[in-house]
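# Structural overview
Spelled out from the first residue to the last, the chains are:
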Amino acid sequence: MTREKKKSYCVAVVFGLTALTLTVPVCAAEPGTGENLGTMMVTAPPLNDDQLSANVSVVDGEELQSLRPATSDTASLLKNIPGVSLQGAGGVSILPAIHGLADDRLRIKVDGMDLISACGNHMNSPLSYVDPTNVGSVTVFAGITPVSVGGDSIGGTILVNSTDPEFSQTGEGLLRKGEVGAFYRSNGNVQGGNIAATVASKTLNLSYRGSTVKADNYKAGDDFKPAGPAAAGRSWLDGDEVGSTMYKSSNHQLGLGLRNEDHLLELKVGLQDIPYQGYPNQRMDMTDNDSTQINLRYKGQYDWGVLEGRAYNEKTRHKMQFFDDKLYWYGPNNVPNSDGVPCTTLSGGMNGCAAGMPMETEGKNTGALVKADIELSERDLLRIGGEAQRYRLDDWWDPSGKGMWPNTFWNINNGERDRLALFAEWEAQWNPQWLTQLGIRGEQVDMDADEVQGYNITGAQYLAESTTFNTADRDQTDHNVDLTALTRFTPDATRTIEFGYARKTRSPNLYERYAWSTGGMAMRMINMAGDGNGYVGNLDLEPETAHTLSATLDWHDAGQERWGLKVTPYYTYVDDYIDARRLDNSEFPNVPATNMTDTDAFVYLQFDNQSARLYGVDVSGHLPLAENTAYGAFTATGVVNFVRGKNRTTDDNLYNIMPLNARLAVVHRLGGWTNTVETELVDNKTRVSQVRNELETGGYGLLHLRSSYEWKQLRLDVGIENLFDKFYSHPLGGAYSGQGKTMSGTDVPWGTPVPGMGRSLYAGLTVKF
């Protein structure tokens, strides 16, 4: 059996199983509790993931409502979760990190779909495909992740779900409901709104949700650069204006739900249009991102347990170019002051003229899932399932002049990344005090890519490198195994102790394996770190394998409502961690001769397997301070995170590790009012990655105020972020390349971190009907 036929057969098996689950008649009169479901979906058996893990965090309800008006980025909804930090990117594309592991090292699912970033800069990250106003709940597994929600990752898991379909009660007639919302944020002149509508009977639900947002550049708390034109031929930027932080985004989702008794069939169709999104820590900007998602799901409850099936298809068309704050017209080298002057004719060579650098990608993502929760006995629950994913990526750069001439540069040609996984998980409630979970997951990852070419197919540099790549063995198959063992001990109503071990694996992404050119300009276009450096792939990469030990100690009141304290220490050792090594000019003559020794410049690196360790502790808690009928209730909340990351092969620090940080708040509630005073404290970052010339940042403290009032169908939110307009640089914000001649390797000043946002006042109004 050939490789392609084998992959097609494996995918067909899982798709066939999914089709069987989806053809279960939703009108069947299965015995169940359909009349008791009301407006809720069918629920899982008594033992479920939320019950199992003391280190699972859920954001929903009131907390979601309070966070939405202050952000247009879904990842920001996670900022109060223990162990989570946020890496800077575009205004709607921030990357979450859990315990120092980010991006592809996390399993991130949006409405059950495994979305993949179709971009060499990872601009269209998974959470950028869902607007905060369409998020119904977020579940984060920061510690030991069950194999049923893990896979192809070495960190935690983030599950983001839109709102569930609602149905009318018996005898109520049609359910009609909706909401309209609008918001404004002063810093960046951010304006947006959302609308939702639902019509439902007892068995049929039709829904629509839409949102739109537009923002200008934001301003820092103080000047961090000289004022002046953003680039030759571009508009003026003030000294405190952070270039390339503008964005515009629209999202739409249509939903259809069918329910009968304990069976639910749900179809969601999503559309996204991002006409532009600037990136202050990348050399390029997003100039278009169109995505279509079709997501079909079945869930049914039987006498023996729960059966779930899902099939989805997602297609993304993504474009990058230099937007308003970055140089677009690159003039002839022999004509002084020609940059920024529109060309009459595009031409090749250094004395030619170039119209920016167009880069395009097309990603096609198809997946399926079948999962069954089988109640073997009152004590035992068996969870088994299978997943398949087929991903195709094309990444090409059309000729635009100068060195980008006369042919199309193929960065990744018909890249393939196909996954097939099977898992089994056994949970046992041995007695009221002891619960255990054991899981195993096997996963096969097949990767390949077709032949590539450079801008000049006969040029010596491109021809030599493309020939080496095209004659190499590019067909890769990884066989990965994940294991989990978790124990939960509840000695009494006020204490819970959970501890466990996990072995997790992740195969490289397409860019880590197949980005092929060591030309300086081409390497600078491959950057998933936001550090301003250039990267090239490595065909010899092995999958990462992480071994994690974690424990959670949870103290709380008997009702788990008034007060609580959680402490979660963890330790992770990673074999074949994909870090980076600098390229030596003696081996790669395209890179500068000083590349191995530069300490204050952008450098050129190759993805490389090494070994790493990460360790730390999360502390979170809440405590009532005072309460009476006249003044309401006052509650103190807090989260403290500490993590360290070390490369054991080179003794260097790992990149983008958040320093010690804390969020402390006092929340006041009285009737429909909720008021919050919050302080955000971050230590200075001095442990930095030397191989990347990562920038150090200073410590800071910020004060935020939030208030909301609910009255009948109306909700008003107001707040001030960074009340004292303090200047700071976020430790994970990356290197500033938001303006200027960013295609050049030396014309972007090295050494400026991306500044954080200064004071911002916001208000949001939501009306439900």
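Presented here is an overview of the structure given in this document. (Residues numbered from 1 in each chain as written. Predicted model: local features only at pLDDT ≥ 70, side-chain atom pairs only at ≥ 80, totals over all residues. Heavy atoms only, no water.)

### Section: unusual backbone geometry
Quick note on the threshold: Secondary structure is summarised from DSSP: a helix means a run of H or I of at least four residues, a strand means a run of E of at least two, and numbering begins at the N terminus for each. Using a 1.4 Å probe on the protein chains alone, a residue whose accessible area is under 20% of its type maximum counts as buried, one over 50% counts as exposed, and one in between counts as partly exposed.
Cis geometry marks the peptide bond from W405 to P406, where omega comes out at 0°. You can see P406 is positioned in the loop between β21 (380–397) and β22 (409–429). Even without a glycine there, the phi angle at D103 is positive, about 60°. A relative accessible area of 16% places D103 in the buried class. In this model, S244 sits at a positive phi of 60°, which is unusual for a non-glycine residue. With respect to the element layout, S244 can be found in the loop between β13 (236–237) and β14 (247–260). What makes S244 buried here is its relative accessible area of 0%.

### Here's the deal with the sheet that holds strand β8 (residues 157–161)
Basically, it comes down to this: Here, any two strands with at least 2 DSSP bridges between them count as paired.
Spatially, β1-β7-β8-β5-β6 is the arrangement adopted by the five strands of the open sheet, whose pairing is mixed. The open sheet terminates on both sides in strands that have one partner only, identified here as β1 (56–60) and β6 (113–114). Bridging between strand β7 (residues 137–141) and β8 involves five bridges; their strand directions are antiparallel. Within β8, the position partnered with F141 by the bridge is T157.

### Focus: the state of the cysteines
Heads up, the condition is: We call a pair of cysteine sulfur atoms a disulfide whenever their separation is within 2.5 Å.
For the structure shown, the criterion picks out one disulfide. Here C343 connects covalently by a disulfide to C353, the sulfurs 1.3 Å from one another. In this structure, the disulfide formed by C343 and C353 twists by about -40° around the S-S bond and is classed as left-handed. One end of the pair, C343, is in the loop between β18 (329–330) and β19 (354–355); the other, C353, is in the loop between β18 and β19, and 10 residues separate them in sequence. The pair formed by C343 and C353 is uniform in burial state, with each residue classed as buried.

### Topic: the sheet that holds strand β4 (residues 101–102)
If you walk across this open sheet you meet the three strands as β2-β3-β4, and the pairing is antiparallel. Each edge of the open sheet is held by one strand with a lone partner, namely β2 (84–87) and β4. Relative to β4, strand β3 (residues 95–98) is paired through two bridges, and the arrangement is antiparallel. Each residue of the ladder has a partner; that of I98, found in β4, is L101.

### Re a nonpolar patch on the surface
Put simply, the rule is: Residues form patches when they are more than 30% accessible in relative terms and have no salt bridge. Like charges link within 9 Å. Nonpolar side chains (Val, Leu, Ile, Met, Phe, Trp, Tyr) link within 5 Å. Note that accessible areas follow from Shrake-Rupley with a 1.4 Å probe, and for residues the cover is restricted to the protein chains shown. A carboxyl oxygen of Asp or Glu within 4 Å of a side-chain nitrogen of Lys or Arg is what we treat as a salt bridge.
Taken together, the side chains of W555, W563, L565, L623, L625, Y631, F634 and V666 make up a nonpolar region of the molecular surface, amounting to roughly 730 Å² of accessible area. By secondary structure assignment, the location of W563 is in the loop between β27 (544–556) and β28 (564–582).

### Quick look at the pairing of strand β15 (residues 263–277)
The pairing of β14 with β15 spans 13 bridges and is antiparallel. By the bridge assignment, R259 is partnered in β15 with L264. Alignment of β15 against strand β16 (residues 285–302), held across 13 bridges, turns out to be antiparallel. Looking at β16, one finds that L267 is bridged to L296.

### Some points on the pattern of salt bridges
Applying the stated criterion across every chain yields a total of 44 salt bridges. One salt-bridge network, in which partners are shared between bridges, spans R107, K109, D114, D152, E387, R417, R419, R441 and E443.

### Some details on the pairing of β3
Alternating residues of β3 divide into L95 and A97 and P96 and I98, and every residue in both groups is buried. Relative to β3, β2 is paired through four bridges, and the arrangement is antiparallel. The residue bridging V84 from the neighbouring strand is I98, located in β3. Taking the residues between adjacent antiparallel strands as the criterion, β3 and β4 are bridged by two residues, where H99 takes a positive phi near 55°.

### Focus on the packing of aromatic side chains
Threshold: In summary, the pairing rule links any two rings of Phe, Tyr or Trp, Trp by its six-membered ring, whose centres are within 6.5 Å, and it sorts them by plane angle into stacked for under 30 degrees, edge-to-face for over 60 and tilted for everything else. In this scheme, the term charge over a ring applies when either NZ of a lysine or CZ of an arginine sits within 6 Å of the ring centre and within 35 degrees of the ring normal.
What the rule picks out here adds up to 18 aromatic pairs. With 4.5 Å between their ring centres and 35° between their planes, Y700 and Y728 make a pair best called tilted. Residue Y700 is located in strand β33 (residues 700–711), and its partner Y728 is located in the loop between β34 (714–721) and β35 (760–768); the two are separated by 28 residues in the primary sequence. Residue Y700 shares its accessibility class with Y728, and that shared class is buried. Joined through ring pairs, the aromatic side chains of W397, F409, Y455, Y462 and W516 make up one cluster. Above the plane of the ring of Y577 lies R105, whose end atom (NZ or CZ) is 4.1 Å from the centre. A cation over a ring is seen here: R283 above F602, with NZ or CZ 5.1 Å from the ring centre.

### Details of the environment of N533
The cut-off we apply is this: Here a polar contact is recorded for every N or O atom pair within 3.5 Å, except that within protein the pair must consist of a potential hydrogen donor and a potential acceptor, and residues adjacent in sequence are included only if both atoms are side-chain atoms.
Mapped onto the fold, N533 is located in the loop between α7 (520–524) and β26 (534–536). Taking the relative accessible area as the measure of exposure, N533 reaches 0% and is therefore buried. Expressed as a C-alpha distance, the spacing of N533 and A424, which sit 109 residues apart in the sequence, is 42 Å. A distance of 3.0 Å separates the side chain of N533 from the side chain of D531, its partner in a polar contact. In this structure the side chain of N533 is engaged in a polar contact, spanning 3.0 Å, whose partner is the backbone oxygen of R692.

That's the geometry; what it means functionally is another story.
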